[in-house]
Amino acid sequence: MSFVQIGGLTLHYRVQGRSDAPALVLVNSLGTDARIWDDVIALLGARYRIVSYDKRGHGLSDAPEGDYSLDQHIDDLEGLLDHLQIEQLALCGVSVGGQIAQGFAIRHPERLTALVLCDTAARLGSAEMWNARIAAVRAGGLDAIADAVMERWFTPAFRRERPAELAGWRNLLLAMPVAGYAGTCAALRDADLTDAVGAITTPTLVVCGSQDLSTPPELVLATAQLIPNSRFELIAGAGHIPSIEQFQALAALMQSFFDEVSHG
Ligand SMILES: O=C(O)CC1=CCC(=O)O1
């Protein structure tokens, strides 16, 4: 567990896996923290130096008041990479983490060897939807939305058969600061990369849980179709966070994609 201050903002990050291996950086989704990647890290750590972090507003990182922007999230990632002196990397993000990854790929194509976009799109939801979500958490805290969020994160089978894990991930959501959640909803409300993702040149794997109710497969596929050098894969039996629910399938897809990219 490590911390760095970037422009006055404290970020929590972790560096795991093989220290002399190529870097793989993972970006978490709204309402989660770096621990959503733990099972994937366990499978890929023998071949990569893996950095995961709690983006601003989440986990052990600072959660300033006010609206955040996608650019601020991308600046944070850039600052973390500079701090760790990582020049070249494979980048993977889920949901808003995937938007941060798309934005980084547009800003810094020269730094990326591969891009993995999980359950994300160039545009997520509508301004009305995010404003309603912000109002709900400001009025009632994270508890006001937690049950609905669990239905989008996880399949009915997971919710039925793995109640302890469901309760644990729900606790993670409930523990997060309202300022961090609402600030990131504002970033989602204001971000639209639809006209920009066509400029991504990095080889890109786009994946989506087959039962994702937050960013359904059609939406994710539509973004994949805008990215020239991309491939789309559906992950059966997963909702919005395949790194938890189907981590073996996700890690296998990532590994074969990285092998393909590095062997031309
Ligand atoms: O709460 C959800 O619907 C899930 C989600 C949306 C954006 C994100 O990062 O997670």
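Data block above holds the structure.
Bear in mind the structure is a predicted one, so any value in this text is a computation, not a measurement.

Trainee: Help me get a handle on the site of the ligand, residues and values and all.
Mentor: As a structural note, the neighbourhood of the ligand is formed by S29, L30, S95, V96, W130, R133, R152, W153, Y181, L188, S214 and H240. In the environment of the ligand, an oxygen atom lies 2.8 Å from a nitrogen or oxygen atom belonging to the backbone of L30. Here an oxygen atom of the ligand sits 3.3 Å away from a polar atom, N or O, in the side chain of H240. Contact with the protein chains covers 98% of the free accessible surface of the ligand, which is 290 Å². Every element with two or more residues in the shell around the ligand is listed here: α4 (127-140), α5 (146-153) and α8 (178-190).

Trainee: Can you tell me about the pairing of strand β5 (residues 89-94), naming the residues and giving the values?
Mentor: Two faces, one strand: in a regular strand the side chains alternate between the faces of the sheet. Most of β5 is tucked away, with six of its six residues classed as buried. With five bridges joining them, strand β3 (residues 23-27) and β5 adopt parallel strand pairing. What sits directly across from L26, in β5, is C92.

Trainee: Any details on α4? Residues and values, ideally.
Mentor: With 14 residues, α4 extends 20 Å from end C-alpha to end C-alpha; this agrees with the ideal 20 Å at 1.5 Å per step. Looking only at α4, the buried set comprises W130, R133, I134 and V137. One face of α4 carries all of its buried residues, which in axial projection span an arc of 100°. Looking at α4, the residues exposed on the side facing more than 90 degrees away from the buried face are E128 and A139. Close packing links the buried residues of α4 with α5 and α8.

Trainee: Describe the side chain of S52, with residues and values.
Mentor: Structurally, S52 is set in strand β4 (residues 49-54). When near neighbours in sequence (up to four residues on either side) are disregarded, S52 contacts Y13, R14, Q16, L26, A34, W37 and I41.

Calculation rules
Residues numbered from 1 in each chain as written. Predicted model: local features only at pLDDT ≥ 70, side-chain atom pairs only at ≥ 80, totals over all residues. Heavy atoms only, no water. Near = heavy atom within 4 Å. Polar contact = N/O pair within 3.5 Å; in protein donor to acceptor, adjacent residues only side chain to side chain. Areas by Shrake-Rupley, 256 points an atom, 1.4 Å probe, with all protein chains shown as cover. Helix = DSSP H or I, 4+ residues; strand = E, 2+ residues; numbered from the N terminus. Buried < 20%, exposed > 50% of the residue type's maximum accessible area, 1.4 Å probe, protein only. Pairing = 2+ DSSP bridges. Expected span 1.5 Å × (residues − 1). Arc of directions from axis to C-beta. Contact = heavy atoms within 4.5 Å.

The analysis is restricted to geometry; functional conclusions fall outside its scope.
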